[in-house]
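Understanding the architecture of this molecule
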Amino acid sequence: MTRVYLDHNATTPLRPEAKAAMLAAMEVVGNPSSVHAEGRAAKGVVEAARAQVAALVGCLPSQVVFTGSATEAAALAVAQAPRHGGVFAALPTEHDCLRAWSTDVEGAGLLAISAANSETGVMRPDGRVAGNRDGQAVVCDITQMAGKVPVTYGAARPSYMILSAHKLGGPKGVGALVNLTRDDPLPILRGGGQEMGRRSGTENVIGIAGFGAAAEAARRDVAAGKWARVEKLRNILEESLEAAADMTIFVGKDGPRLPNTSCIATPGWKGETQVMQMDLAGFAISAGSACSSGKVRKSRVLEAMGYDDETAGGAIRVSLGLETTEEDVSRFCAAWIEKYKRFRARAA
């Protein structure tokens, strides 16, 4: 039986456009810091990708700093906290790459507020990127937003944004910090002064080329409204499960969410158990903070949202992609409902 991949929020399949761009970049010999023709060719690949990423998120190319991951981009943003009052804090629902640095101090000079939560898909009420407010600088995680919905802003923009290539069809191991302040960020990696002195280390030309191509393709897909079909499939999935499982909760269902994401919580039925059962049945899903080095544990995010331990421990995340079909969804629902009925029978 063909496996069905429903874990796109963890990582997405590589887009054909990204693969083609990476293969072409492999033929580019030069170091992008070299001034000869070969070096300038490699530099051209990097700068073309920088413009493509900038177009996706609505900023200037010069504001994009390529990193090795969104996690590195987060660390680079957090390192700028002294410029904004000296203290960094992240909301309890933020990704671990930001929560790990948080001091949980009220009145922080730099605050992390994600545009869309990776576990639940829940977006801010206005569906926009979080902006600076009342003199408080903001680093906004747009890793899950970018490439699924338009990246839009309110009256104020944040100081920094972070994103990752492999969440939108690019390669793993490439991310970016978007610096929207007037000053260049102080580097945390020092050496050769690459990325205009903001992040040293020879640029991953091949990965960056794939990032840029994926960003351009993702921007076209969003503009064409392709995620509306995915949202319909997500709704079909939830309606099917809801009809068969009256005790199951769909987190954030009544508010703005990413079009592809469903956080499904069944009190008492461990998320880890569900992930393993569905894996054996041929479906890739995740539970809790499943993108954290393969660990599976109860959802810290749901706990922060006020759900009890049984509910937080019984959460799974199903995240669809552009290639997901209605048949995929129907097969998943049938398999999940069968396992759910067995769980209820054992619990009776």
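Residues numbered from 1 in each chain as written. Predicted model: local features only at pLDDT ≥ 70, side-chain atom pairs only at ≥ 80, totals over all residues. Heavy atoms only, no water.

Let us look at the pairing of strand β7 (residues 175-179). Burial within β7 is extensive, with 5 of its 5 residues counted as buried. Residues of β7 alternate between two faces, with Gly 175, Leu 177 and Asn 179 on one and Ala 176 and Val 178 on the opposite face, all of them buried. As judged from the 4 bridges shared by strand β2 (residues 64-67) and β7, these two strands associate in the antiparallel manner. Paired with Phe 66 across the bridge in β7 is Ala 176. Summarising the sheet, strand β6 (residues 160-164) and β7 pair through 5 bridges and their orientation is antiparallel. Paired with Tyr 160 across the strands is Asn 179, a residue of β7. (Buried < 20%, exposed > 50% of the residue type's maximum accessible area, 1.4 Å probe, protein only. Helix = DSSP H or I, 4+ residues; strand = E, 2+ residues; numbered from the N terminus. Pairing = 2+ DSSP bridges.)

This chain's UniProt record puts "domain: Aminotransferase class V" (unreviewed entry) on residues 4-101 and 108-332. In this annotation, residues 4-101 is assigned 45% helix and 9% strand; the end-to-end C-alpha distance for the span is 36 Å. (UniProt positions renumbered as here; feature names shortened; annotations may be inferred.)

Locating Gly 268 in the fold gives a position in the loop between β9 (261-265) and α7 (271-280). Taking C-alpha positions, Gly 268 is 30 Å from Thr 12, a pair spaced 256 residues apart along the chain. Those residues within four positions of Gly 268 in sequence are excluded, and the remaining contacts are Glu 310 and Phe 343. (Contact = heavy atoms within 4.5 Å.)

Under the defined criterion, the tally for this structure stands at 7 aromatic pairs. Measuring from centroid to centroid gives 5.2 Å for Trp 269 and Phe 343, while their planes differ by 10°, and the two rings are stacked. Of this pair, Trp 269 sits in the loop between β9 and α7 while Phe 343 sits in helix α10 (residues 326-347), placing them 74 residues apart in sequence. Classification of Phe 343 by relative accessible area gives buried; the value is 10%. (Phe/Tyr/Trp six-rings, centres within 6.5 Å; stacked < 30°, edge-to-face > 60°.)

Take the nonpolar core next. Val 57, Phe 66, Ile 142, Met 161, Leu 163 and Phe 211 are the most contacted members of the largest nonpolar core, which totals 44 residues. Elements represented by at least two residues in this core include exactly α1 (16-25), α2 (37-57), β2, β5 (137-141), β6, β7 and α5 (205-223). Residue contributions to this core peak at 7 residues, all from α5. Not counting residues within four places of it along the chain, the set of residues in contact with Phe 66 comprises Val 46, Ala 49, Arg 50, Val 53, Gly 175, Ala 176, Glu 195, Arg 199, Ile 208 and Phe 211. Grouped together as the second largest cluster of nonpolar side chains are 28 residues, Ile 264, Met 278, Ile 285 and Ala 287 included. (Core = buried A, V, L, I, M, F, W, Y, C linked by side-chain atoms within 4.5 Å.)

Another point: the sheet that holds strand β11 (residues 315-319). The strand order β8-β9-β11 describes an open sheet built from 3 strands, whose pairing is antiparallel. The open sheet terminates on both sides in strands that have one partner only, identified here as β8 (249-250) and β11. The sheet contact formed by β8 and β9 spans 2 bridges and is antiparallel. Bridge pairing in β9 places Phe 250 opposite Ile 264. Lying on the sheet, helix α6 (residues 227-244) is in contact with β8, β9 and β11; it crosses β9 at an angle near 15°. (Axes fitted to C-alpha atoms, helices over the stretch in contact; angles between N-to-C directions.)

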